[in-house]
Amino acid sequence: MLLVYLSFPETSHPGTLGIDKLMRRRWIHITWVNPLSSLWLLRSPNLFAVMLTSALVLISILLVPMAYTIGVRYGITNEAIIGVCFLPNGLGNFIGELVAGRQLDIAVRRWREKREGMWCPEDRLRATWIGGLIIVPLSMCASGLITTYVGGPIGLALNILCIGANGMGVDLVLNPIGSYSVDVMHSRSAEVTAANLASRSLITSAATALVITSIERIGIAWTDIIAAVLALIGQGIIFLTIRYSDRMRASVDVGFSTMENN
């Protein structure tokens, strides 16, 4: 917290919050804070749709059952070696963050020029296509098939590549979704981010509990294929959000940003 305070002084605005005024009036004041109130923002179809998409994409992460998939298939029993297999995903995340930012700017600039300067926040979601339609589903299907049918060092090496690609693809989806959520809710950006993270974490934690059972019943390949299909369904939701964005925002207004105050 000290590092953030010293590095980002522009985030500190003393006296601008309502709680600051209450504290000045009296020394002791009890204020009820509802930590779940931010979740009410998800009644907006737009915000719920992108949250659901991010959850469906996160379900496809290859890391959760690694000890039960790659570890068992290739005879890796050493926990340290299994832990090393996580590193390619981190590298993919790192590369994905760099690529996603540039890709996001290109998409927004291109579509804003097509509209002759008119601002549309859903343009940010267009930057998810490569990650959500290609990289994430393909890496999931490839990993499942490779783990099932390709053994030895070659299979392990190919799986490592899939893990790195998956990490990159997931970031190419989550980064634009996060930017979009902040873009449409500037005044409550922290709340919408918290609601998004909490909800998708709840969904993915429930899905994680089913992964091992699914692997035992239908196998690794079919489990990964199902996860890839879920990621594609998420991109379908993104398509509908872009297509019907105005109607969705108009149906439930939670204080969206406009072109004037954006």
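Attention in this report is confined to the structure presented alongside it. (Residues numbered from 1 in each chain as written. Predicted model: local features only at pLDDT ≥ 70, side-chain atom pairs only at ≥ 80, totals over all residues. Heavy atoms only, no water.)

### Quick look at the packing of aromatic side chains
Under the counting rule described, the total for this entry stands at zero aromatic pairs. The positively charged end of Arg73 is found above the aromatic ring belonging to Tyr74, 5.6 Å away from the centroid. The ring of Trp111 has Lys114 lying over it, and the distance from NZ or CZ to the ring centre is 4.2 Å. (Phe/Tyr/Trp six-rings, centres within 6.5 Å; stacked < 30°, edge-to-face > 60°. Lys NZ or Arg CZ within 6 Å of the ring centre and 35° of its normal.)

### Some words on the pattern of salt bridges
Side-chain pairs of opposite charge can arise whenever the charged atoms involved come near each other. Tallied over the full model, the rule gives six salt bridges. Glu122 serves as the salt-bridge partner of Arg249, at 2.6 Å between the closest nitrogen and oxygen. Of this pair, Arg249 sits in helix H11 (residues 245-251) while Glu122 sits in the loop between helix H6 (87-114) and helix H7 (129-149), placing them 127 residues apart in sequence. You'll find Arg249 and Glu122 in the same group, each marked buried. The residue Arg126 makes a salt bridge to Asp123 at a minimum N-O spacing of 3.3 Å. Each of the two residues, Arg126 as well as Asp123, counts as buried. (Salt bridge = Lys/Arg side-chain N within 4 Å of Asp/Glu carboxyl O. Helix = DSSP H or I, 4+ residues; strand = E, 2+ residues; numbered from the N terminus. Buried < 20%, exposed > 50% of the residue type's maximum accessible area, 1.4 Å probe, protein only.)

### Focus on the packing of helix H3 (residues 45-59) against helix H10 (residues 220-243)
Closest axis-to-axis distance for the H3/H10 pair is 8 Å, and the angle between their directions is 160°. Between H3 and H10, the angle falls in the class roughly antiparallel. Handedness of the H3/H10 crossing: left-handed. Contact with H3, carried on its side by Asn46, Ala49, Val50, Leu52, Thr53, Leu56 and Ile59, involves Ala227, Leu230, Ala231, Ile233, Gly234, Gln235, Ile237, Ile238 and Thr241 of H10 and no other residues of that element. Of the residues contributing to the contact of H3 with H10, the split by class is 11 nonpolar, five polar and no charged. (Axes fitted to C-alpha atoms, helices over the stretch in contact; angles between N-to-C directions. Parallel < 35°, antiparallel > 145°, perpendicular 65-115°, else oblique. Left-handed = near helix turned anticlockwise from the far one by under 90°. Contact = heavy atoms within 4.5 Å. Nonpolar A, V, L, I, M, F, W, Y, C, P; charged D, E, K, R; others polar.)

### Structural notes on the nonpolar core
General note: in soluble globular proteins, nonpolar side chains tend to be found buried as a group. If you look at the biggest cluster of nonpolar residues, it comprises 23 residues, and the most contacted ones within it are Leu47, Leu125 and Met185. Secondary structure elements with two or more residues in this core: H3, helix H8 (152-184), helix H9 (189-218) and H10. By residue number, the principal contributor to this core is H8, which donates six residues. Excluding residues that lie within four positions of it along the chain, Met185 makes contacts with Leu41, Leu47, Val192, Val254, Gly255, Phe256 and Ser257. (Core = buried A, V, L, I, M, F, W, Y, C linked by side-chain atoms within 4.5 Å.)

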